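Geometric and topological summary
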Amino acid sequence: MERQKFEESFRKSFDNAEVPPSEKVWMNIELDLERLERGDMKKRLTFFKLLAAASVVFGLGLAGTGLYLLSIDRSTADLTAQQNQVAPAPDETPGIAQQQHADQQRSNQSSAIKENETTPLVSVESASEASSARPELPSSSSADQSLASADKPKNEDVATSNDNARTFDRNAVQRAVQGNVSNQRMAYADQVAATDEQSKVEFAIPAFRDRPLPPLVKSKTIVPNFPKTEPDQIDLLLASIAMEERAEADRKKYDGERIWTSVGFSAGTFSNYGTGADPLQAPALLSTSNLTAANNTLTSESRASGVAYSVGVNVGGRIAPRWVLQGGINYITQNASFMSDAVVTEDFQNFSAAYSAEIAKTADASARVVPTAPYSVNNNMEFLSIPIQAGYIVVNRAFGIQLMGGVATDLFIQNTLEPQSGNLSKVTNGSGSDSPYRTVNFSGLVGTEFSYRFTDKYRISLNPGIRYPFNSIYKSDVGLSATPVTFDVGLRFRYIFD
Amino acid sequence: MLNESELIEGCRKGDRAFQKALYDRYCRKMMVVCLRYSRSTAEAEDILQEAFVKVFQGIKDFRQESRLETWITRIMVNTALNAQRRKLYLYPMVDVEEINLPTDELVLPELHFSQLLEFIQELPQGCQIVFNLFAIEGYSHKEIAECLGISEGTSKSQYARAKALLQSRLLKESSYYKKYGEAKI
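What counts, and at which threshold
Residues numbered from 1 in each chain as written. Chains lettered and ligands numbered in written order. Predicted model: local features only at pLDDT ≥ 70, side-chain atom pairs only at ≥ 80, totals over all residues. Helix = DSSP H or I, 4+ residues; strand = E, 2+ residues; numbered from the N terminus. Buried ≥ 20, exposed ≤ 12 C-beta atoms within 10 Å, placed from the backbone. Contact = placed C-beta atoms within 7 Å. Pairing = 2+ DSSP bridges. Nonpolar A, V, L, I, M, F, W, Y, C, P; charged D, E, K, R; others polar. Axes fitted to C-alpha atoms, helices over the stretch in contact; angles between N-to-C directions. Parallel < 35°, antiparallel > 145°, perpendicular 65-115°, else oblique. Left-handed = near helix turned anticlockwise from the far one by under 90°. Expected span 1.5 Å × (residues − 1). Bend = angle between axes of the 7 residues up to and from the residue. Core = buried A, V, L, I, M, F, W, Y, C linked by C-beta atoms within 7 Å. pLDDT = per-residue confidence, 0-100.

Thoughts on the overall build of chain B
Check the secondary structure of chain B and you find nine helices and zero strands. Within chain B, buried positions represent 38% of all 185 residues. Across chain B, every contact between residues at least 6 apart in sequence was considered, and the portion connecting residues at least 24 apart equals 66%.

The following block contains the structure:
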């Protein structure tokens, strides 16, 4: 009972008790909340930064693989062309000679298959004999033997082979579909068949001579006997025609994007690399502590990193089947906070925030830099950017991938400095001689575009990219240098005119 | 004046004006809570600041199953306990063997809460926390023992010591001093 009374009386005493905290508590809470919100934003932007980097790497990898495969195709084509040039038929066009050569090879392969079909499993002895005998033969004998084996098939085999070649000749079908010359193709294939016998020896010799000898067979070799499949040749022809028609329709559809315009916005972060401030040299005007405070402020300002946003319109056009050119105009704003531990005053009664432009003025007249307690300054820079970029289309379908690169002319509009200290007012500086920033600067742009065409006229795209100024954004006489690298991800809506 | 739901909604959206309104409404009461768990105004303000930041961060998850004031008070107490836990680790609580409490009925004299606060702040660290949790927040010794990682016996002995010290202090201050004499600690 006594315990309860004691505790109850204590509790009652504190029931409506109130003690006001000092004003600084709310200020500190606000600062903490802002710091946390900035941290959240940074985390989110880090994700986008990583996404941008990953997509650039992915795009470059894709382009590298494409170029590698393209170079392999080219070298193969060159090799084939060289082989064809060894013994061209005197009275035939190169195209026909190439076709004959291909048919000849097919015919030879067909005869080899025929042999295997008649003797499903090659005996160890015969295989060994054949292979052990071959290295001892000079190349001409080898060729003769090959020729002999090539001649082994009867005429009907050759005819069958030619028929198959006529049906399976994919290149010929493509030509027939694209040029609507199927009748010509048939006539041409007949011509190939007629000249096949005549040119067999002439073309077979270099082909077999160039072919490497098979390895020695020393152990038991199992030659698989695949079941003979006889696909319906008309079905195959129709299927290949349908496939080509579809590919042609797709090509026409996506190659039709010749001129477009897009609107979009982007968000990202910028970081200053390789920045610095030349120490101020004004001993007559500034004391050591003043100089230190001014230099600290300059260094802090030049190293400030923050967030960047942009909004703009672009116009683009296709200049080659896989190349595009696009330009536009963008409004860019870059926001960064830096710590200053100095203020600038001319009469020691009115004080303004210390930053590069104000500190630079201390060289003339009576302006003074005074050290003070550190305070935060929010620097918001605004630019107008005119980019021109070339793009290579890696994937040209409903889903598209494009690699972009180019330059941008950045025109400085103004910067606004807002000290977080309550006693100092906001300052806005335009471009011109008083501004520490270059009025015109140039930046390099690299990026990737992942897009999706969702209707005939519209395409939406995600554009991760990097922007790097070629020169410091500060004028050379300010004593500061900063080349902020911006990672951003843009979202664009494209309207296709044609 | 904004009602509780409007305040919560505004704070959930991160609107600074609503956050300020919520702070203004509860900061004075919560300052008293923080003062009870600390030794100085500066220390209490640090706890208040940290706790309100947690309130604004955590209000998204507040399911309104209890009153907002109760929820905020709980955050204040937890933040204060976290702040004191480090000290408790350095100066662990031990059982108090001999405590002689006055056996007569004890009635709290008519003192202003600020004076009671002063007495509580003068208590040793362990006693202060256990007294606050048991006498004012209404936790049981078992709950206190679990919360602070001590035995129930330690919680009880710390409370008894706190109570004896407070009674002694109160008796000195009140007109009952002569009647009851000083408690032997």
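Structural notes on the overall build of chain A
Broken down by element type, chain A carries eleven helices and ten strands. A burial count over chain A gives 25% of its 498 residues as buried. The long-range fraction of contacts in chain A, counting pairs at least 24 apart against all pairs at least 6 apart in sequence, stands at 73%.

Some details on the pairing of strand 2 (residues 306-320) of chain A
All names here are of chain A. Sheet analysis places strand 2 next to strand 3 (residues 323-345), joined by 14 bridges and oriented antiparallel. Across the sheet, the residue bridging to R318 is V324, located in strand 3. The antiparallel pairing of strand 2 with strand 3 creates a hairpin that spans two residues between the two strands.

A few points about the interface of chain A and chain B
On the side of chain B, 22 residues touch chain A, which itself brings 21 residues to the contact. Breaking the side of chain A that touches chain B down by element, the ones donating at least two residues are helix 1 (2-15) and helix 2 (23-86) of chain A. Looking at the side of chain A that touches chain B residue by residue, the classes come out as eleven nonpolar, four polar and six charged.

Focus: the packing of helix 6 (residues 125-136) of chain B against helix 7 (residues 141-148) of chain B
Residues and elements named next belong to chain B. Running from N to C, helix 6 and helix 7 cross one another at 135°; their axes reach a closest spacing of 10 Å. In this view, helix 6 runs oblique relative to helix 7, as classed from their interaxial angle. The two elements helix 6 and helix 7 cross, and the hand of that crossing is right-handed. Only H141, I144 and L148 of helix 7 make contact with helix 6, whose side of the interface consists of I129, V130, L133 and F134. Considered class by class, the residues forming the contact of helix 6 with helix 7 number six nonpolar, one polar and no charged.

Quick word on helix 2 (residues 16-36) of chain B
Residues and elements named next belong to chain B. With 21 residues, helix 2 should cover 30 Å at 1.5 Å per step; its first-to-last C-alpha distance of 28 Å lies within 8% of that length. The axis of helix 2 is deflected most strongly, by about 50°, at C27. Every buried residue of helix 2 is listed here: F18, Q19, L22, Y23, Y26, C27, M30, M31, V33, C34, L35 and R36.

Topic: the nonpolar core
Formed by 50 residues in total, the largest nonpolar core has its most connected members in B:M30, B:C34, B:L48, B:M76, B:V130 and B:F131. Secondary structure elements with two or more residues in this core: helix 1 (4-12), helix 2, helix 3 (41-58), helix 4 (68-90), helix 5 (113-122), helix 6, helix 7 and helix 8 (152-173) of chain B. Among the elements that line this core, the one with the most residues is helix 2 of chain B, at ten residues. In this view, B:M76 contacts B:M30, B:V33, B:C34 and B:A51; residues no more than four positions away in its chain are not counted. With 27 residues, the next largest nonpolar core counts A:I332, A:L424, A:Y437 and A:Y474 among its residues.

Comments concerning the packing of helix 6 of chain B against helix 8 of chain B
Residue and element names in this part refer to chain B. Viewed as axis vectors pointing N to C, helix 6 and helix 8 meet at an angle of 95°, and their least axial separation amounts to 8 Å. Accordingly, the angle class assigned to the pair helix 6 and helix 8 is roughly perpendicular. Each of G126, C127, Q128, V130, F131 and F134 in helix 6 lies in contact with helix 8, whose residues at this interface are S155, Q158, Y159, R161, A162 and L165. In the contact of helix 6 with helix 8, the residues fall into seven nonpolar, four polar and one charged.

Re the confidence of the model for chain B
Mean pLDDT over chain B works out to 81, with 79% of the residues at or above the 70 mark. Across the predicted assembly, pTM comes out at 0.42 and ipTM at 0.83.

Topic: the environment of A:G327
Residues and elements named next belong to chain A. One can find G327 in strand 3. Given 14 C-beta atoms within a 10 Å radius, G327 is considered partly exposed. Setting aside residues no more than four positions away along its own chain, G327 makes contact with N314, V315, P387 and I388.

Regarding the confidence of the model for chain A
Residues and elements named next belong to chain A. Per-residue confidence for chain A gives a mean pLDDT of 71, with 58% of residues at or over 70. Per-element mean pLDDT across chain A ranges from 39 in helix 4 (residues 124-133) up to 92 in strand 8 (residues 440-453). Considering only residues more than four positions removed or in separate chains, one finds that residues 87-97, a stretch of pLDDT under 50, has twelve contacts. Low confidence marks residues 110-168, where pLDDT is under 50. Its contacts with residues over four positions away, or in another chain, come to 53 contacts.

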